[in-house]
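Analysis of the macromolecular model
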Amino acid sequence: MKQKSLDELKKVCDSCQKCPLWETRTNVVFGSGNANAKILFIGEAPGAHEDEQGLPFVGASGKLLDKYLDAIGLSREDAYIANILKCRPPNNRDPKPEEEEQCIGYLREQLKIINPTVIVCLGRISAFKIIKPDFKITQEHGKWFKKGDYLITAVYHPSALLRDPRKRDDMMRDFLIIKDKIDELSK
Ligand code: URA
């Protein structure tokens, strides 16, 4: 049921021309994972590998994300992974506000369909858009925010850990906090 609604939304998204990114994309990266997931991760935008394959987080940062998921006993089949933008910005530049505005409706629909209990923003760009525009990733990662029915937290973007491995301890701590929250909610 949920999968069918996601498939229908994906079809609409696949032919989207709302912003100019459609002209340079190879594939729309709609999102992937379990339509019934209790946990949903939101990244920033597809990179080159994602654009090529049409799937989120399949490059180096995705491999790192998989390790943290594994460390708390989750696999991609337990979660859903999407991005703020569904198309790759050229040269991996930051998303433009107008691109985010045009694209965010698809993510809102995905959230409505999947209805996760926990949302995890991957990186500050996602946290700015989903939690608050003045989110401070170094001070507020791993903290919980309540918005409507959703419990939301943000962690460092995995690519930030590739650039600065000193952040890895914080990331592990945050993932354990996420695991505790999921366990607490499923009691
Ligand atoms: N970075 C993101 O934010 N999203 C992806 O899908 C890949 C890399």
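Up top is the structure these notes are about.
Anyway, here's the lowdown on the structure attached to this text. Here, residues in each chain are numbered from 1, in the same order as that chain's written sequence. For this predicted model, a pLDDT threshold of at least 70 governs which residues receive local features, and a threshold of 80 or more governs which side-chain atom pairs are given and counted, while totals over whole chains, interfaces and linings are taken from all residues. Water and hydrogen atoms play no part in the side-chain values, which are based on all heavy atoms of the structure.

**Considering the pairing of strand β6 (residues 150-155)**
For the record, the criterion: Residue exposure (1.4 Å probe, protein chains only): buried if accessible area is under 20% of the type maximum, exposed if over 50%, otherwise partly exposed. The helix and strand labels rest on DSSP assignments: H or I over at least four residues marks a helix, E over at least two residues marks a strand, and numbering proceeds from the N terminus. Between any two strands, at least two bridges found by DSSP are needed for them to pair.
The buried fraction of β6 amounts to six of the six residues, a majority that puts the element mostly inside the structure. Where strand β4 (residues 118-122) meets β6, five bridges bridge the pair, whose relative direction is parallel. What sits directly across from I119, in β6, is I152. Direction of pairing for strand β5 (residues 145-147) relative to β6: antiparallel, over a ladder of three bridges. Residue pairing for β6: K146 is matched across the bridge by L151. Between β5 and β6, which pair antiparallel one after the other, the connecting turn spans two residues, and G148 there sits at a positive phi close to 60 degrees.

**Focus: the environment of K179**
With respect to the secondary-structure elements, K179 resides in helix α8 (residues 168-185). For the pair K179 and R88, spaced 91 residues apart in sequence, the C-alpha to C-alpha distance is 30 Å.

**Comments concerning the side chain of H157**
So the rule is basically this: Think of a polar contact as two N or O atoms within 3.5 Å of one another; within protein, one of them needs to be a possible hydrogen donor and the other a possible acceptor, and neighboring residues in sequence only count if both atoms come from side chains. In what follows, a contact means two residues having at least one pair of non-hydrogen atoms within 4.5 Å.
Within the fold, H157 resides in the loop between β6 and α7 (158-163). Looking at H157, its side chain comes within polar contact range of the side chain of S159, at 2.9 Å. In contact with H157, other than residues within four places in its own chain, are E44, F57, S61, L122 and G123.

**A closer look at the packing of helix α3 (residues 60-71) against α8**
The following threshold applies: For helices, the axis comes from a line fit to the C-alpha atoms of the stretch in contact; other axes are also lines fit to C-alpha atoms, and the angle between any two N-to-C directions lies between 0 and 180 degrees. For this classification, under 35 degrees means roughly parallel, over 145 means roughly antiparallel, 65 to 115 means roughly perpendicular, and everything else is oblique. Should the near helix be turned anticlockwise from the far one by less than a right angle, the crossing is termed left-handed; should it be turned clockwise, right-handed.
Where α3 contacts α8, the axes come no closer than 9 Å and their chain directions differ by 45 degrees. If you check the angle between α3 and α8, you find them oblique. Here the hand of the crossing between α3 and α8 comes out right-handed. Of the residues in α8, those touching α3 at L64, L65, Y68, L69 and A71 are R168, M171, M172 and F175.

**Topic: the layout of surface pockets**
Leftover empty space is mapped by rolling, across the atoms, a probe with the size of a water molecule. Quick note on the threshold: Of the grid points, spaced at 1 Å and generated over the protein atoms alone, those admitting a 1.4 Å probe that cannot get out make up cavities, while open sets with protein on both sides within 12 Å along at least five of seven lines make up pockets; any residue with an atom within 4 Å of a point is treated as lining. Grid points are joined across faces, edges and corners, and a volume is the space filled by probe spheres set on the points. Side-chain classes follow a simple rule in which Ala, Val, Leu, Ile, Met, Phe, Trp, Tyr, Cys and Pro form the nonpolar group, Asp, Glu, Lys and Arg form the charged group, and the remainder, Gly included, forms the polar group.
By volume, the largest pocket is sized at about 630 Å³. Together, 28 residues line the largest pocket, and E44, S61, H157, S159 and R163 are the ones closest to its centre. Listing elements by their share of the lining of the largest pocket, those giving two or more residues are α2 (48-53), α3, α5 (124-130), α6 (137-140) and α7. Of the residues belonging to the lining of the largest pocket, the class tally is eleven nonpolar, ten polar and seven charged. The space that makes up the second largest pocket amounts to roughly 210 Å³. Considering the residues around the second largest pocket, the lining is formed by I104, L107, R108, L111, K112, I119, K129, I130, K147, Y150 and I152. Those elements that provide at least two residues to the lining of the second largest pocket are α4 (97-114), α5 and β6. Sort the elements by how many residues they give to the lining of the second largest pocket and α4 lands first, with five residues. Here the residues of the lining of the second largest pocket are counted per class, giving seven nonpolar, no polar and four charged.

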